[in-house]
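Structure assessment
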Amino acid sequence: MRRPDGLLNHNVLGEDKGPQDACGVFGVWAPGEEVAKLSFYGLYALQHRGTESAGIATSDGERILIFKDMGLVSQVFTEGDLATLKGNLAIGHCRYSTTGSSTWVNAQPTLRPTKYGTLALAHNGNLTNTGDLAELVQKLEGSATSMSGVTTDTEIMTALIALQDEKNVEASALAVLPQLEGAFSLVFMDEQTLYAARDRHGVRPLVLGKLETGWVVASESAALDIVGAAFVREIEPGEFISIDSNGVRSQRWAEAQPKGCLFEYVYLARPDTTIAGSGIHKTRVAIGAQLAKEAPAEADLVIPVPESGTPAAIGYAKESGIPFGLGLVKNSYVGRTFIQPSQTIRQLGIRLKLNPLREIIEGKRIVVVDDSIVRGNTQRAIVRMLREAGAREIHVRISSPPVKWPCYYGIDFATRAELIANGLEVEEIRRSIGADSLGYVSLDGLIAATQVPSERLCSACFTGEYPIRIPEDMTEGKLRLEITEVHGH
Ligand code: SF4
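Quick summary incoming for the structure in this document. Just so it is clear, the structure is predicted and the values come from calculations on it, not from any experiment.

The rules behind the values
- Throughout, residues of each chain are indexed from 1 in the direction in which the sequence is written.
- The predicted nature of this model means local features are confined to residues of pLDDT at least 70 and side-chain atom pairs, given and counted, to a pLDDT of 80 or more, with totals for whole chains, interfaces and linings taken over all residues.
- We count a residue as near a molecule or strand when its backbone-placed C-beta atom lies within 6 Å of that partner.
- Numbering of helices and strands runs from the N terminus, with a helix taken as a DSSP run of H or I at least four residues long and a strand as a DSSP run of E at least two residues long.
- Under the grouping applied here, Gly and all other residues not named as nonpolar or charged are polar, the nonpolar ones being Ala, Val, Leu, Ile, Met, Phe, Trp, Tyr, Cys and Pro and the charged ones Asp, Glu, Lys and Arg.
- Think of a nonpolar core as buried Ala, Val, Leu, Ile, Met, Phe, Trp, Tyr and Cys residues, each tied to the set through C-beta atoms within 7 Å.
- To sort residues by burial, count the other C-beta atoms lying within 10 Å of each one's C-beta; a count of 20 or more means buried, 12 or fewer means exposed, and anything in between means partly exposed. C-beta atoms are built from the backbone.
- The split of the chain into domains comes from an automatic or database domain assignment.
- What makes two strands pair is DSSP finding at least two bridges between them.
- Only C-alpha atoms enter the line fits that serve as axes; for helices the fit covers just the stretch in contact. Angles between N-to-C directions range over 0 to 180 degrees.
- Working definition of a contact: two residues with C-beta atoms, positioned from the backbone, lying within 7 Å.
- Two helices crossing with the near one rotated counterclockwise from the far one by less than a right angle form a left-handed crossing, whereas a clockwise rotation gives a right-handed crossing.

Looking now at the site of the ligand. Every residue lining the ligand is accounted for by Val 203, Cys 261, Leu 262, Phe 263, Cys 407, Tyr 409, Ile 411, Cys 458, Ser 459, Ala 460 and Cys 461. When residues of the shell around the ligand are traced back to their parent elements, those giving at least two are α8 (262-268) and α16 (460-463). Of the residues belonging to the shell around the ligand, the class tally is 10 nonpolar, 1 polar and no charged.

Next comes the structure, spelled out in structure tokens:
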């Protein structure tokens, strides 16, 4: 249905489905191009990073139009919708919620008037000082106004920038960025200029690309390929860039202290993306080879849990000399299950998404390679399915170390209590999932495969050593602003 403000609202609250890991952001400055369509295809390439909602904001130099809704990128926009979003620059977002619930009002980009124009903003990451920032916004707004509608860290950032007493968005952003703690890769815009910024640790990726007629900023390099942009470079941790008719201007708002997310290499990023100079597919093949060295198995066939386990299974097969085969068929349209919200849906999801190929599996000793074990439900169901399909032995191999700690920087695995490796040893997990053997790659082996020095990576979900301070209220989860009503504490 149409909202009074002209935006669509299908009101599909709670329709949490599909891969839910981080968020995808995209920005383009390209006068003369169909910027809304470029954003659409950019978001389409980043769909795996967030499937709850999608949105695009464009500007023709005079005013910003924004269109967002719940659902997949392909469900949210029609050709007609995109045709109305005219302009020279645009930003886009696809969302998985890590602060605030999955509702229409929390979809991005956010929009806010400022005294020098309008601000639209899209965010991938998760702030760790949201409570303090919310109080700051309340102070700036004055007690007469209410922040009760603000339930995401993204809205708080938008409000903070908009409320600065500076001469333009650039100056306001540069005043606000040092106050933000946590993980953020941002794209934002006013009527004339596209901006991008990355937190000082560069937890989430963000890259710059060049079109013939302009510039693109995106979460992953794969999105540049899909819109025909040439990869220029990664936006540096602690960097702020502005793009307009004067070209690209870069400023450093903080000294870089790189702590890139190790899990992007294992699972989150697309295999055709490049991070820190390493192709993700190649890295995952190398992780699989390392896994074969560290956790060998006597077996007849190596199969992946498709598709995220596929490159590691290829590497495992190559290193071990055991033939590679496809033993599980995936319905690609059902999401990656480990982070779906309810136990019931998760159990259903596993059945919906994977089906074993009996003729491949029957009578064989199988190595099954997956990217991670979070709660253990997926692997337990897979082992059961493979046994039902006649596997003689099942050796589960995991291309990441045990996930023992929650992520507070933009990935919603589970609470600590839900993580199977929190409290159970490997042998106990093996028994719990019903496998004949279970092996994980070591942290050192994983890091070596990325070819990134360990001090430049975050590996907190494996080690519990959080590189960015976690305040106590973070443990209240992503709905904390809704529970405490921001100004009430
Ligand atoms: S805690 Fe894990 S998932 Fe989160 S940023 Fe660090 S490595 Fe990535």
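Read on for the rest.
Turning our attention to the nonpolar core. If you look at the biggest cluster of nonpolar residues, it comprises 145 residues, and the most contacted ones within it are Phe 188, Tyr 316 and Val 368. The residues that make up this core include at least three from each of domain 1 (23-258 + 480-484) and domain 2 (274-460).

To continue, consider the sheet that holds strand β9 (residues 207-211). One open sheet accounts for 7 strands, arranged β3-β2-β4-β1-β10-β9-β11; its pairing is antiparallel. The two strands at the open ends of the sheet, each matched to only one other strand, are β3 (64-70) and β11 (230-234). Here the average twist between neighbouring strands, direction ignored, is 15°. Of the pairings in the sheet, the one linking strand β1 (residues 23-29) to strand β10 (residues 214-218) comprises 4 bridges and is antiparallel in character. Paired with Phe 26 across the strands is Ala 218, a residue of β10. In the packing of helix α1 (residues 35-45) onto the sheet, the strands contacted are β1, β2 (53-59), β4 (89-95) and β10, and the crossing angle to β4 comes to about 25°.

Here helix α9 (residues 280-294) crosses helix α15 (residues 443-450) at 145°, and the two axes come no closer than 8 Å. Between α9 and α15 lies a crossing whose hand is right-handed. Facing α9, whose interface residues are Thr 283, Ala 286, Ile 287, Gln 290 and Glu 294, α15 presents Gly 445, Leu 446, Ala 448, Ala 449 and Thr 450. In the contact of α9 with α15, the residues fall into 5 nonpolar, 4 polar and 1 charged.

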